[in-house]
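Analysis of the macromolecular model
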Amino acid sequence: MTEQTAPDLTPAPRDPAAEASAEPTAPLEMERRLSLLAGAGTWEDVAPEAHRAWDAPYGPPEEWELVIEDREIPGPHGPVPVRIYTPQTAPDGPRPCLVWLHGGGFMHGDLDMPEGDHVARGVAGRADAVVVSVDYRLCDEIDGSPGRTFPGGPEHVTAPIPLDDVCAAVAWTRDSAQALGIDPARVAIGGASAGGNLAAAASLRLADEGTPLAASLLMYLVAHPLRPEPDAEEAEALAGTPPMLRFSLETMRAMSGNYIGRPLEEATPYDFPGLAAPEQLAGLPRTYIETDEYDDLRVSGRRYAEQLREAGVDVDYTVRRGVCHGHLNRVGLAEAQQSMDRMGQLVREL
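This section reports on the structure supplied with the text. (Residues numbered from 1 in each chain as written. Predicted model: local features only at pLDDT ≥ 70, side-chain atom pairs only at ≥ 80, totals over all residues. Heavy atoms only, no water.)

**Some words on the pairing of strand β8 (residues 286-294)**
Here is the rule: Any residue under 20% of the maximum accessible area for its type is buried, any over 50% is exposed, and the rest in between are partly exposed; the area is computed with a 1.4 Å probe on protein chains only. Going along the chain from the N terminus, every DSSP run of H or I of four or more residues is numbered as a helix, and every run of E of two or more is numbered as a strand. When DSSP finds two or more bridges between two strands, those strands count as paired. When the strands point away from the viewer, a crossover counts as right-handed if the route from the first strand across the helix to the second turns clockwise.
When you tally the buried positions in β8, you get eight out of nine residues, the bulk of the element. Two strands pair when backbone bridges link them, and β8 and strand β9 (residues 315-324) are joined in this way by seven bridges, in the parallel orientation. Across the sheet, Y294 pairs through a bridge with C324, a residue of β9. Traced from β8 through helix α11 (residues 297-310) to β9, the parallel crossover comes out right-handed.

Structure follows, in structure tokens:
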């Protein structure tokens, strides 16, 4: 399908690095909405009008001139659905490419959620790049309820099946470079939350196999099975975050155990890349890590950035101020646009 945009809707250029590092002088819009949730321990404690205000859109969706195609590609566990976003403008040569992975706790999410679709559109448009968004297989719910059905099975999904899907999508993307109009040497991988975990794990596996990617873009990723200890600034920000928006130790233990399907003590670096030794991390490509200020996972992202830096990897770490976990799902949010600006810049520079 083809989508068109009015030129004046294209976001103006910004300096994402300056925006990310600058301390806000007044509460940002998501911070203002967070204040409406103050004192609530669960969503049942939130007044209906405050809940509606929290969920309200922040602005209209962006529009870009793109050709968008849904396909199924071969994978080791059956077909893998992907959605390909290609700019309509005539290219000067082979484009860069981003293989993109939505989040959802390894149990939820799809190609249509804003974190999947809206972000893929935004990066493709900003970077004049092809984006291949991957619908990797999902685990069952923590309570055992069946997860979403995928073509070909298997009936029950645990690690490394989602990672296998992702690596198959990367291989297909590279093999299809001519048809996609991309440079196979300029393929990056990126993802958010659980998708960030899978992007980091795929980057690690492919580097170990001698076929490293051009870069990794990891947005509020799950790098460790359990959250490391926060520093003083992180602890202060998290203490003011409403409990229903946090990742408690119990939540992390349940989500991580559900993903790997075995005791966490048996987890490997391909399950959680933060478990990798420095000599293994040293083979990784340039990596961008962005975390959210009011998010327990920022501690894992910060620690993973430290591990990469200690291993000699070219790593850029940013805390997106004023937002909580999953801010890329918030259509129209200024900070989500800033994040896509930075991602687009990195992909364009491949």
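**Quick word on the pattern of salt bridges**
Operational definition: By salt bridge we mean one thing: a side-chain nitrogen of Lys or Arg within 4 Å of a carboxyl oxygen of Asp or Glu.
Scanning all chains against the criterion turns up 26 salt bridges. R298 is paired through a salt bridge with E233; the nearest N and O atoms lie 2.6 Å apart. Of this pair, R298 sits in helix α11 while E233 sits in helix α8 (residues 232-239); the two residues are 65 residues apart in sequence, bridging distant segments of the chain. Look at R298 and you get buried, because its relative accessible area is 2%. Among the residues examined, E233 registers a relative accessible area of 35% and is labelled partly exposed. What emerges from the salt-bridge pattern is a single network uniting D70, R83, D112, D117 and R121.

**Structural notes on the nonpolar core**
How we decide: As used here, the term nonpolar core means buried Ala, Val, Leu, Ile, Met, Phe, Trp, Tyr and Cys residues forming a set that is joined through side-chain atoms within 4.5 Å. A contact between two residues is defined here by any heavy atoms of the two lying within 4.5 Å.
Counting 63 residues, the largest nonpolar core has I189 and Y304 as the members making the most contacts within it. Per-element tally for this core: the top contributor is helix α7 (residues 194-208), with nine residues. When sequence neighbours within four positions are dropped, the list of residues in contact with I189 reads L98, V99, L101, V166, V170, A199, A202, S203, L213, A215, S216 and L217. The next biggest cluster of nonpolar side chains, apart from the first, holds 41 residues, and it includes W64, V123, A127 and Y220.

**Description of helix α5 (residues 161-175)**
In an α-helix, one full turn covers 3.6 residues, which means residues spaced three or four apart are oriented alike. What counts, and what does not: Working rule for helices: expected span equals 1.5 Å times residues minus one.
The end-to-end C-alpha separation of α5 is 21 Å, in line with the 21 Å expected for 15 residues at 1.5 Å each. Within α5, 13 of the 15 residues are buried, leaving the element largely enclosed by the surrounding structure.

**Some details on the packing of α8 against α11**
Heads up, the rule is: For every element, the axis is a line fit to its C-alpha atoms; helices are fit only across the contacting stretch, and the angle between N-to-C directions ranges from 0 to 180 degrees. Angular relationships are summarised with four words: roughly parallel below 35 degrees, roughly antiparallel beyond 145, roughly perpendicular across 65 to 115, and oblique for the angles in between. Each crossing gets its handedness from the near helix: less than a right angle anticlockwise from the far helix is left-handed, clockwise is right-handed.
Packing of α8 against α11 leaves a shortest axis separation of 10 Å and a crossing angle of 160°. Overall, the two elements α8 and α11 adopt an arrangement that is roughly antiparallel. By crossing handedness, the relation of α8 to α11 is classed as right-handed. Contact residues: E233, E234, A237 and L238 in α8; R298, V299 and R302 in α11.

**Remarks on α8**
Stated formally: What the arc describes is the spread of directions from the helix axis to the C-beta atoms. Throughout this description, a polar contact denotes any pair of N or O atoms lying within 3.5 Å of each other; where both atoms belong to protein, one of them has to be capable of donating a hydrogen while the other can accept it, and for residues adjacent in sequence the pair is counted only when both atoms sit in side chains.
Among all positions of α8, only E234, A237 and L238 are buried. Around the axis of α8, the buried residues are gathered within 95° of arc, so they sit on the same side. Turned more than 90 degrees away from the buried face of α8 sit A232, E236 and A239, all of them exposed. Buried residues along α8 sit against β8 and α11. N-capping of α8 is provided by D231, with a side-chain oxygen placed 3.2 Å from the backbone N of E233.

**Observations regarding the packing of α5 against α7**
The description of two packed helices rests on the angle between their axes and on the distance between the axes. Put simply, the rule reads: Ten residues, namely Ala, Val, Leu, Ile, Met, Phe, Trp, Tyr, Cys and Pro, are considered nonpolar, four, namely Asp, Glu, Lys and Arg, are considered charged, and the remaining ones, Gly among them, are considered polar.
At a closest axis distance of 10 Å, the pairing of α5 and α7 adopts a crossing angle of 65°. For the element pair α5 and α7, the recorded crossing hand is right-handed. Taking contact as the criterion, the partners of P162, L163, D164, V166, C167 and V170 in α5 are, on α7, L198, A201, A202, R205 and L206. Of the residues that constitute the contact of α5 with α7, the class distribution is nine nonpolar, no polar and two charged.

**Comments concerning the packing of aromatic side chains**
In this description, a pair of aromatic rings is defined by centroid distance and the angle of the planes. Which entries qualify depends on this criterion: Side-chain rings of Phe, Tyr and Trp, where Trp is taken by its six-membered ring, are said to pair if the distance between their centres is within 6.5 Å; with planes under 30 degrees apart they count as stacked, over 60 as edge-to-face, and otherwise as tilted.
A complete count under the given rule lists three aromatic pairs for this structure. With centroids separated by 6.5 Å and ring planes inclined at 40°, the aromatic side chains of W43 and W54 adopt a geometry described as tilted. With a gap of 11 residues between them, W43 in the loop between α2 (29-35) and α3 (48-55) and W54 in helix α3 connect regions that are remote in the sequence. For W43, a relative accessible area of 27% translates into the label partly exposed. W54 sits in the buried class, given a relative accessible area of 2%. The interplanar angle of 85° and the centroid separation of 6.2 Å between the aromatic rings of Y259 and F272 together place this pair among those described as edge-to-face. Residue Y259 is located in helix α9 (residues 249-260), and its partner F272 is located in the loop between α9 and α10 (278-281); the two are separated by 13 residues in the primary sequence. On the basis of relative accessibility, which here comes to 0%, the residue F272 falls in the buried class. Through a chain of ring-to-ring contacts, three or more aromatic side chains come together here, namely F106, Y259 and F272.

**So, unusual backbone geometry**
Of the consecutive residues G153 and P154, the connecting peptide bond is found in the cis state with omega at -5°. Among the secondary structure elements, P154 is positioned in the loop between β5 (130-134) and α5. Here the bond from A159 into P160 is cis, since omega is 10°, no more than 30 degrees from zero. Relative to the helices and strands, P160 resides in the loop between β5 and α5. Phi angles above zero are rare outside glycine, and F106 is one such case at about 70°. Topologically, F106 is positioned in the loop between β4 (95-101) and α4 (117-127). Residue classification places F106 among the buried positions, given a relative accessible area of 1%. Within the chain, S193 stands out as a residue other than glycine whose phi angle is a positive 60°. Positionally, S193 belongs in the loop between β6 (182-192) and α7. Accessibility expressed as a relative area gives 7% for S193, which makes it buried.

No statement about biological role is implied by the geometric values presented.
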